[in-house]
Each structure stands twice: as structure tokens, then as C-alpha cells.
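The primary structure of each chain is shown beneath.
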Amino acid sequence: VHGEFLLDYRRRMSNTVEGVDLWSLAEEEAKKVENKVTENTFVLVGERSAGKSGLLNLFKPASKEELPTSGLDYTYLRRATGAGKEACHVYELGGGNLFENLLTVPLTLENFRNFGFVIVLDLNDPKAAVESLFYCTKRIKERTKAWLRENGFQGMAEEMSAARAEAVESSEERRKVDPAPFPLIVLAQKYDNFEKTEPEIRKWMSRILRYYCHLHGASLYYTSAVSPKLAKDTMALLYKVLYVPPNSLPKVLQTDYLKPIQVTFGADNLDSCGISAVGSSSVEDTIRQYAKPVFESFSAASKKSEKKETKIDPTRYPEPKIDAALEEHNKELSRLRKDVEASPATVQRQETRRLVEQTQERYEPAEPERRPQPSVRNRPPSQTRLTRDGYK
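Residues numbered from 1 in each chain as written. Predicted model: local features only at pLDDT ≥ 70, side-chain atom pairs only at ≥ 80, totals over all residues. Heavy atoms only, no water.

Caption draft 1: Fine view of the packing of aromatic side chains. Under the criterion given, the structure shown has 10 aromatic pairs. Ring geometry for Y74 and Y91: centres 5.0 Å apart, planes at 50°, overall tilted. Of this pair, Y74 sits in strand β4 (residues 72-81) while Y91 sits in strand β5 (residues 84-93), and the two are 17 residues apart along the sequence. You can call Y74 partly exposed: its relative accessible area is 40%. Residue class for Y91 comes out partly exposed when judged on its relative accessible area of 22%. An angle of 40° between the planes, with centres 5.5 Å apart, marks the rings of Y191 and Y222 as tilted. Of the two residues, Y191 is situated in helix α7 (residues 191-194) and Y222 in strand β8 (residues 218-222); the sequence distance between them amounts to 31 residues. Both residues of the pair, Y191 and Y222, count as buried. Stacked on the ring of W204, the Lys or Arg R207 has its end atom at 4.8 Å from the ring centre. (Phe/Tyr/Trp six-rings, centres within 6.5 Å; stacked < 30°, edge-to-face > 60°. Helix = DSSP H or I, 4+ residues; strand = E, 2+ residues; numbered from the N terminus. Buried < 20%, exposed > 50% of the residue type's maximum accessible area, 1.4 Å probe, protein only. Lys NZ or Arg CZ within 6 Å of the ring centre and 35° of its normal.)

In C-alpha cells:
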């Protein structure tokens, strides 16, 4: 057996086998790999100025003018790997909730197996971010279920949701979660500013987002497209998220609120979020009750930071020409002030003001004396009148 294996190995390692050129076979295999293309399709949704375009601009050359997105904007991304080519079709839905009827326009029978939604949130406004997450998730579920019904897939939405729920290990939690039929990815943008807020606010914000995302089958990632270091990490994250089939994301669990949150659906659990249902309230109302003190604290901290004056020390940024011009301007201003104070008109005005004040103090009228009112007996007859009790 070993001898036959060695002979077969020697034949495969030779330049030709039975008249067939091995280099030609290698080129054919390389062409097959080169022509193999894996394609994903995503729709980016979120409030206006949430940072959707900022994420896509990481893949594009820098441009001087960036206009706000309106309607449905298309971006094609691709890269080559050892296993072939990977492509991603990204549709950015601009205008906030104005064009929500376009949510399922890119969804077709050809791409629905590798289709997903990306919800972009703005961490600079936690309250608006949470409400946007509620709204977008609800609309995505409604629109995708309607699309499946319209295309003849009756009952397919429940089967797809149940299949996605299998990612949750606990059977008890599996009955509680209600994933969307298609994969959801939540990107909480502008973490470079949010990381400067109080730790308690960051802790509860991460718990709130994790809890809601876990219940609805969404993966959660904190991102930033501004800070160089965070932008580099965001770029690496987007390569993993956009070029991998939406249902095959590698499991990641990073729940330390002092660092950027990264939680893949199925890796988290409800108990670690520290949020429990309040009576018969809905999930959204329960989260609002937990989030109310967080929003109030964030609002108070924002107002306090706005009122705080920022003092800049000009000596930290020396500019010889500007500093010399400023010093000359200050000297000229000082000379003008001295000339105005020493001018005859100013001296006369000050002397007149001093004389007026002295005159007012000298001739200020004294408070008039109050004379006692005369009694009835001392009053003249014209000021007395007869009553039942006598004269008054």
C-alpha cells in the first residue's frame, strides 16, 4: 500500500502525467478560483447624519465635497483573496425615515440568500439612537415579511426566524428571542466622542443595546470613522462583516463597556445584560424605563459641557508673525486709551461729573417732617360731623 502511494505521489509530482501538462491543469484551477465570486448585499439604514456615508467613505478615496445622501445610493465593493473574489453590493438609504418604502427594493430572488440589513446609530445622541433602533427594526421586519408573502413564500418568515434563533445556545432564551427573517447588523457610530462620557452612561447604554439586539437577532458593533486608530479598527471590522455571508459571521463577545462593544448574535445572553421585563410592558417600554435616568444624566452632562468655557493658551502654539502683530496691536490700543484719558474733553467730562455729584449731595432735600394730626376737639367745625355717638 505504501509503495503504491509513493508511486502515485511521484507521478503527481512529475511535470507530465500520461501526456497531460500539470502546469496547464494548475492554470485551469487558478482560472476557476479567479472566476469564483462570492457576493453579499446589504442595505444601510439609520437617521440623518448618523454616519452611514462616513463608513462607506473608508473604502473610497478622500473627496473634498461630501453631500448628504438622498434616496437609495449604490456602492460596489470588491476584493481578491486566495479563495477567489469577494464582492459586496451596498445600498445606502438616505433621508432618514422619509424613504422607508425603498427598504426592500434591492431584495431579489437571486440575492436573498446572502442579504442583510445594517442599522447605523449615532452615539452622540443616546435617546435618538435607541428610538431609531426601535423604529428601524420594526420597519425592517414588517417590510421583509411583506416581501416574502408577495413572492409566494407563505410562512417562510417564521421558518427563517426560527433557523436564525438556533444560534442561541440556551433553549430557554431561544423561546424568548424573535429574530428578523434576514440578518441584522447594528453599527453604533461616533464612538470617538461617546467614549469621553461618564462610565455609568456607557455601561447602561451598552446593556440596553445588547439586550434589544439579542432579542431581535442583531449583531452589535461600536465604530468610528474619524479617529485614526478607531477608523482602522472599524475598517478591519467592516471587511469581516461585509465580505462574509451575513449568516456566517464569526462569533465575537466583547462586552467591556470601557472598550468598543463587539457582540455577534448568538454569543451574548440576556442575564448578562442586567435588564428584566417590567410587568406586562413591551420590550420597548421596558427599555425606556431603564434608559430614562441614563438619558437624563447624558442631557445634564451635555449642558454642563456646553456652558463650560474652553480657554486656549496661545503660548502652546507659537506663531512668530501673528504673535508680533498681536503685541503691536495691544501696544497701539494702550496708547490710544492713554491719549483719550489725557484729552481735554475727557478731563472736562470727568470734572463736570464730579461737580454734579457734589451738588446733588449738598442740596439733596431732607425728608419732610410728619406733623401729628389734631384731635377731634382741636379740629375746626368744618372738619367735624354729628353722628349717633356724638361729634366726630
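Moving on from the coordinates now.
Caption draft 2: Geometry of the pairing of strand β7 (residues 184-189). A large share of β7 lies buried, amounting to six of its six residues. Here β7 shows no split at all, with L184, V186 and A188 on one side and I185, L187 and Q189 on the other all buried. Direction of pairing for strand β6 (residues 115-122) relative to β7: parallel, over a ladder of six bridges. When the sheet's bridge partners are listed, V120 is paired in β7 with L187. (Pairing = 2+ DSSP bridges.)

Read these as layout, nothing more, since geometry by itself doesn't imply function.
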